[in-house]
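Listed below, chain by chain, are the residues.
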Amino acid sequence: MALSKSDRERYARQIILPEIGETGQEKLMKGRVLIIGAGGLASPAAIYLAAAGVGTIGIADADVVDLSNLQRQIIHAEDDIGREKVISAKESIEAINPNIKVKTYNYFINSENIGKIINGYDFVLDCCDNFETKFLINDACVISKKPFSHAGIMRFQGQLMTYVPGGGPCYRCIFKEPPPKGELPSGKEAGVIGVVAGVIGSMQAAEAIKYLTGAGELLTGQLLMYDALKMEFRKTAFPNGDAECAVCKSNS
């Protein structure tokens, strides 16, 4: 995919980077990233992926925008209240970069549809807000050998890790099983400061960009934790995988 004069001007600040260059920009423009969720994490991730020129962005979510979303879900605006989140997100992405192809999935991801959807993408972002879907995304990506970025936020904290087939542990290797229902508070119950979604969602976009271009090092085998109150980042390294992990063991 040859870059046009307009492409060179639009993406000039990243093309000049030795780690990206024209070759990397072409890879981004050919790239396909699926974002599961269209809320707080997905908002900055989608905006920065579109601005970077990722050619195809998929958005999967079945919710509609409500007033309480606007504190952290910056891809939506007050005029979008009551509208489908995927449509609102699509319009925001296209307003930033009309050259991007946006595919929308206006339904919740489940065990019956996830395999078919993720197979059309190079990289997946877990931007959902419940443990059941997070484990579903992990298991489907491991089975399909799809790289993905997991993220979670709560209160003033966030966490992030990346799975690449053959390159480190999966989400289930580390967290084993979803916690019993009601054991941990939901984001609605515990609260979250919006800027944490901005920080962690932007990092998810960075992981996708690095994966597509081959630049830098990914967060494979590492869990990155962020505390906004202390303005502190901490990394925890994990072994390559858990031999007893149910999904990895059967798909190694």
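Here, every reference points to the structure presented above.
Conventions we followed
Residues numbered from 1 in each chain as written. Predicted model: local features only at pLDDT ≥ 70, side-chain atom pairs only at ≥ 80, totals over all residues. Heavy atoms only, no water. Helix = DSSP H or I, 4+ residues; strand = E, 2+ residues; numbered from the N terminus. Buried < 20%, exposed > 50% of the residue type's maximum accessible area, 1.4 Å probe, protein only. Pairing = 2+ DSSP bridges. Right-handed = clockwise from strand over helix to strand, strands pointing away. Axes fitted to C-alpha atoms, helices over the stretch in contact; angles between N-to-C directions. Contact = heavy atoms within 4.5 Å.

Participant: Looking at this model, I keep getting lost on the environment of Cys173. Mind explaining?
Facilitator: Positionally, Cys173 belongs in helix α8 (residues 171–175). Sequence separation between Cys173 and Pro239 is 66 residues; the distance between their C-alpha atoms is 9.5 Å.

Participant: In this structure, what is going on with unusual backbone geometry? I would like to understand it.
Facilitator: Where the residue is not glycine, phi is negative for most of them; where a peptide bond is considered, it is trans in most cases. One non-glycine residue, Arg155, adopts positive backbone phi at about 55°. Structurally, Arg155 can be placed in the loop between β5 (148–154) and β6 (157–163). Backbone geometry places Lys176, a non-glycine residue, at a positive phi of 65°. The topology assignment puts Lys176 in the loop between α8 and α9 (187–190).

Participant: I tried to follow the pairing of strand β4 (residues 123–126) on my own but got confused; where do I start?
Facilitator: Within a regular strand, the side chains alternate between the two sheet faces. A two-sided burial pattern is seen for β4, the buried positions comprising Phe123 and Leu125 on one face and Val124 and Asp126 on the other. Pairing between strand β1 (residues 32–36) and β4: 4 bridges, direction parallel. Bridged to Leu34 within β4 is Val124. Note: β4 against β5, 3 bridges, orientation parallel. Its bridge partner lying in β5, Val124 is registered against Phe148. This β-α-β element, β4 to helix α7 (residues 131–144) to β5, shows right-handed connectivity.

Participant: What should I look at first to understand the sheet that holds strand β3 (residues 101–105) in this one?
Facilitator: Sheet strands line up and pair through hydrogen bonds in the backbone, either parallel or antiparallel. Pairing is mixed across the open sheet formed by 8 strands, whose spatial order is β3-β2-β1-β4-β5-β6-β7-β8. Sheet topology places β3 and β8 (232–237) at the edges, where each strand pairs with a single neighbour. Each neighbouring strand pair of the sheet contributes to a mean axis angle of 15°, computed without reference to strand direction. Across 5 bridges, the pairing between strand β2 (residues 56–60) and β3 is parallel. Looking at the pairing, Thr56 lines up with Lys101 of β3. Strands in contact with α7 are β1, β4, β5 and β6; relative to β5, the strand with the most contacts, it is inclined by about 170°.

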